[in-house]
Amino acid sequence: MEEDSGVTSHTEGLNGVSHECKETEELTNGHSNHRPVINGLTPGHSVKEHANGSSLLKSLPISALKQNGLLQSLATGGEQPKTEEESAEVEQAREEWEALESIQPVVSEESSPTPLISFNEALQHFQTTDLGEVLKNIQPTIRRTGLAAITHFLFGPPRLHRELLEERDLVFAIAQCSLDNSQAVHMRVLQTIYKRLTGSKQDCPRFGTHWENVGFQGTDPATDLRGTGFLGLMHTLYLVMDPETLPLARDIYKLSQHPTQNFPFCVMSINMTRIALHALREEALSKECNRRQQVVGVLNEFYVATFLHLYQLWKSQQKTISDSGFVLKGNSLCFTPGLRKPSCFQNHVIINNIPL
């Protein structure tokens, strides 16, 4: 019987790798099968079969690896000279990265919530502001002539004491001031009202539909201040910041959110300010102002009493927004010039033991 013979041949593989091809002869049931062996692997056999020990993998010699063009390119790629454009881009990227590492985080002032402001602090702002030009346009009293002037003098309320005129004029001057975005105090008042009503801890944008949630008619509260100016916001601030009136403010705000009895809270508050200003101009509050030797405090409490009356009427009589015109008209007629106190409050709660 002749010996098995094998023929070995070398072929040039991809990327310069030399593949060793060897034909083998197997005898199976007397038949001869010739199968080529390439790099130690027999075609048709999986790698698993060789990995399991049925066949041994033949490794490429180092000399063959050295002839591999791809490996040579990878091995020497880092040593290849860079083009000027690539070098410039790399250098620019390095400089930008180093600059990025040197940047220090800056905490923006706007990131911290605006602190709440009290009524007295906001009032002090106007007391120390030059309102000379505004004071020229105020109308602190009703101008009467003829018989009306005589009747008012004889049977009307007492005149306000001279030492209180400056404080009264300040009130009407504030009512002439518009909301100023450049004034930090103005913005703090606005933010304080929103936070106290909603319970939010963060500032809200100056414009947006969120203002409608607290009872303004649109996205800019400034458009609702016609007729009362900044005094409308000052009274709302007093209502939500005074510890004694805060529970009332929350009750009124809760009612304003009622599914059927809802009403715009801040707009209604501004209407209460308008009624209070009318009472002060009619001199219906002069007697109480003279007794207490102050104007702002009396006006604030009259505003609260007016809002309280509206709240009780609205809640007890199941009023809705369609009744608002009638209710506001009734509230504005609650006092009559010349009476000792507004008639609508004779049977209502007296705030801080002050008869109104």
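As annotated in an unreviewed UniProt entry, the protein carries the name ELMO domain containing 3 and is attributed to Oncorhynchus kisutch.

For the rest of this paragraph, the subject is the overall build of the protein. In terms of regular secondary structure, the protein is built from 15 helices and three strands. Counting over 356 residues, the protein shows a buried share of 38%. Contacts in the protein between residues far apart in sequence, at least 24 positions, make up 64% of those at least 6 positions apart.

One can find Pro-113 in the loop between helix 4 (84-101) and helix 5 (119-127). Considered as a pair, Pro-113 and Gln-191 are 78 residues apart in the sequence and their alpha carbons are 9.4 Å apart. What Pro-113 contacts, discounting residues up to four positions off in sequence, is Lys-195, Lys-201, Gln-202 and Asp-203.

Once that is clear, we can look at unusual backbone geometry. The phi dihedral of Gln-293 falls on the positive side, at around 60°, and the residue is not glycine. Secondary-structure assignment places Gln-293 in the loop between helix 13 (286-292) and helix 14 (296-316). Taking the relative accessible area as the measure of exposure, Gln-293 reaches 39% and is therefore partly exposed. One non-glycine residue, Gln-318, lies in positive phi territory at about 55°. Along the chain, Gln-318 falls in the loop between helix 14 and helix 15 (324-332).

What helix 5 keeps buried is the set Phe-119, Ala-122, Leu-123, His-125 and Phe-126. Looking down the long axis of helix 5, one finds its buried residues gathered within 150° of arc, a one-sided arrangement. Opposite its buried face, helix 5 presents the exposed residues Asn-120 and Gln-127, each directed more than 90 degrees away. For helix 5, the secondary structure elements touched by its buried residues are helix 8 (165-174), helix 9 (184-198), helix 10 (231-241) and helix 14.

A separate point is the environment of Ser-118. Within the secondary structure, Ser-118 sits in the loop between helix 4 and helix 5. When the C-alpha atoms of Ser-118 and Met-234 are compared, they prove to be 9.7 Å apart, with 116 residues separating the residues in sequence. When near neighbours in sequence (up to four residues on either side) are disregarded, Ser-118 contacts Leu-237 and Met-241. There is a polar contact of 3.2 Å between the side chain of Ser-118 and the backbone nitrogen of Glu-121.

The next thing to look at is the packing of aromatic side chains. Inspection of the entire model under this criterion finds eight aromatic pairs. Judged by centre distance (5.5 Å) and plane angle (75°), the ring pair of Phe-119 and Tyr-238 falls under edge-to-face. Linking Phe-119 in helix 5 with Tyr-238 in helix 10, this pair joins segments that are 119 residues apart in sequence. For Phe-119, a relative accessible area of 10% corresponds to the buried category. Tyr-238 sits in the buried class, given a relative accessible area of 11%. When the centroid spacing of 5.4 Å and the interplanar angle of 70° are considered together, the rings of Tyr-194 and Trp-211 count as edge-to-face. In this pair, Tyr-194 sits in helix 9 while Trp-211 sits in the loop between helix 9 and helix 10, placing the two residues 17 residues apart along the sequence.

Along the backbone, Tyr-238 and Glu-301 are 63 residues apart, and their C-alpha atoms lie at a distance of 9.5 Å. For Tyr-238, the residues in contact, after removing those within four places along its chain, are Phe-119, Thr-245, Asn-300, Glu-301 and Val-304.

Definitions and limits used
Residues numbered from 1 in each chain as written. Predicted model: local features only at pLDDT ≥ 70, side-chain atom pairs only at ≥ 80, totals over all residues. Heavy atoms only, no water. Helix = DSSP H or I, 4+ residues; strand = E, 2+ residues; numbered from the N terminus. Buried < 20%, exposed > 50% of the residue type's maximum accessible area, 1.4 Å probe, protein only. Contact = heavy atoms within 4.5 Å. Arc of directions from axis to C-beta. Polar contact = N/O pair within 3.5 Å; in protein donor to acceptor, adjacent residues only side chain to side chain. Phe/Tyr/Trp six-rings, centres within 6.5 Å; stacked < 30°, edge-to-face > 60°.

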